Amino acid sequence: MRIFVYPGSFDPVTNGHLDIIDRASKLCDKLIVAVLINRSKSPAFTMEERVSFLKQVLQGRNNVEVIPFSGLLVDFMKQQNATTVIKGLRAVSDFEYEFQMALLNKNLDPNIETLFMMTNIKYSYLSSSAVKEIASYGGDIRDLVPEQIVDQIYNKLRKK
Ligand code: COD
């Protein structure tokens, strides 16, 4: 069974993430969306909220599972019998960070492969940070995130 892992902060999940999830889930038997801590970012949404958003959005996708994890990605991969990490690339700026991560992970566990998927051109400008900034000022995020979570994002971030 080919098990792939798509790790991220998903703070919150965007349509760009969702596009990668849909395309990656066609390449494996099971895709695990792993909600991990990125120590260089302080999240706006709690781990519970980020996992709940993903579960709402991914309902009905049979070979996709959402699992929270704190620790090293390579340890999570081993625990889940997963072989391949999926990463999304938007621009050259993503490449530098992701390239370093892929090499670090390969060094920690030589059995792990990282598969890079190019962004869908529609979402090449889209990031969780942009969504949070726009939502906090009451801007329109309906084209940026799945509709099920739009109101929940405004409720938490919109400045009163
Ligand atoms: N289109 C395509 N891809 C996208 C888009 C988009 N619009 N937006 C984001 N992505 C991709 C990102 O490039 C990334 O691959 C993925 O989606 C998730 O993005 P984020 O921003 O939600 O998540 P990150 O980048 O903060 O996640 C970083 C991790 C949590 C994966 C990383 O810090 C990690 O592996 N942490 C665990 C500890 C560890 O093992 N560290 C490594 C050794 S030091």
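- The chain appears in an unreviewed UniProt entry as Phosphopantetheine adenylyltransferase from Thermoclostridium stercorarium.
- Its UniProt record gives the chain the following Catalytic activity (unreviewed entry) comment, quoted word for word: "(R)-4'-phosphopantetheine + ATP + H(+) = 3'-dephospho-CoA + diphosphate".
- According to the UniProt record, the Pathway (unreviewed entry) comment for the chain reads "Cofactor biosynthesis; coenzyme A biosynthesis; CoA from (R)-pantothenate: step 4/5."

### A few points about the nonpolar core
Logical step 1: Counting residues in hydrophobic clusters, the biggest one holds 35 residues, and the most contacted among them are Leu-31, Leu-54, Leu-58, Ile-141 and Ile-153.
Logical step 2: Looking at this core, the elements that each hand over two or more residues are β1 (3-8), α1 (15-24), β2 (30-35), α2 (47-58), β3 (64-68), α5 (128-136) and α6 (150-157).
Logical step 3: The element best represented in this core is α2, accounting for six residues.
Logical step 4: Contact partners of Ile-141, with chain neighbours within four places excluded, come to Val-131, Ile-134, Ala-135, Val-150, Ile-153 and Tyr-154.
Logical step 5: Ranked by size, the runner-up nonpolar core spans 14 residues in total, among them Ile-3, Ala-34, Leu-36 and Phe-76.

### Notes on the UniProt feature "domain: Cytidyltransferase-like" (unreviewed entry) in the chain
Logical step 1: Within this structure's numbering, the places UniProt gives as "domain: Cytidyltransferase-like" (unreviewed entry) are residues 5-133.
Logical step 2: Helix makes up 40% of residues 5-133 and strand makes up 21%, while its end C-alpha atoms are separated by 28 Å.

### A short note on α6
Structurally, the α-helix is built with 3.6 residues per turn, so residues lying three or four positions apart point the same way.
Logical step 1: Every buried residue belonging to α6 is among Val-150, Ile-153, Tyr-154 and Leu-157, and all of these are buried. Burial along α6 is one-sided: seen end-on, the buried residues are contained in an arc of 100 degrees. Those residues of α6 that are exposed and aimed more than 90 degrees away from the buried face are Asp-151 and Asn-155.

### Remarks on the UniProt feature "site: Transition state stabilizer" (unreviewed entry) in the chain
Logical step 1: Residues annotated by UniProt as "site: Transition state stabilizer" (unreviewed entry) correspond here to His-17.
Logical step 2: Excluding its chain neighbours within four sequence positions, the residues that come into contact with His-17 are Tyr-6, Phe-10, Pro-12 and Ser-128.

### Observations concerning the site of the ligand
Logical step 1: Close to the ligand lie 27 residues; Tyr-6, Ser-9, Lys-41, Leu-73 and Gly-88 are nearest.
Logical step 2: Between an oxygen atom of the ligand and a side-chain N or O atom of Ser-9, the distance comes to 2.6 Å.
Logical step 3: Between the ligand and Leu-73 there is a distance of 2.8 Å, counted from an oxygen atom to a backbone nitrogen or oxygen.
Logical step 4: Considered on its own, the ligand offers 920 Å² of accessible surface; in the complex 90% of this is hidden by protein.
Logical step 5: Looking at the shell around the ligand, the element that brings in the most residues is helix α4 (residues 92-108), giving six residues.
Logical step 6: Classifying every residue of the shell around the ligand gives 13 nonpolar, nine polar and five charged.

What counts as what
- Numbering of residues starts from 1 in each chain and follows the order in which that chain's sequence is written.
- Since the coordinates come from a predicted model, pLDDT governs what is reported: local features require at least 70, and pairs of side-chain atoms require 80 or more to be given and counted, while whole-chain, interface and lining totals use all residues.
- Each side-chain value is derived from all of the structure's non-hydrogen atoms; neither hydrogens nor water enter the calculation.
- UniProt positions are given in the numbering used here, feature names are shortened, and annotations may be inferred rather than shown by experiment.
- Nonpolar cores were defined as sets of buried Ala, Val, Leu, Ile, Met, Phe, Trp, Tyr and Cys residues, with membership established by side-chain atoms within 4.5 Å.
- When accessible area is computed with a 1.4 Å probe and restricted to protein chains, residues below 20% of their type maximum are described as buried, those above 50% as exposed, and intermediate ones as partly exposed.
- Numbering of helices and strands runs from the N terminus, with a helix taken as a DSSP run of H or I at least four residues long and a strand as a DSSP run of E at least two residues long.
- A contact between two residues is defined here by any heavy atoms of the two lying within 4.5 Å.
- The arc under discussion is defined with respect to the helix axis, by the directions toward the C-beta atoms.
- By convention in these notes, a residue is near a molecule or strand provided one of its non-hydrogen atoms lies within 4 Å of it.
- Definition of a polar contact: a pair of N or O atoms within 3.5 Å, with one able to donate and the other able to accept a hydrogen when the atoms are protein atoms, and with sequence-neighbouring residues admitted only if both atoms are side-chain atoms.
- Accessible surface area values rest on a Shrake-Rupley calculation with a 1.4 Å probe, where residue burial reflects the displayed protein chains alone.
- All residues other than Ala, Val, Leu, Ile, Met, Phe, Trp, Tyr, Cys, Pro, Asp, Glu, Lys and Arg, Gly among them, are scored as polar; the first ten of these are nonpolar and the last four charged.

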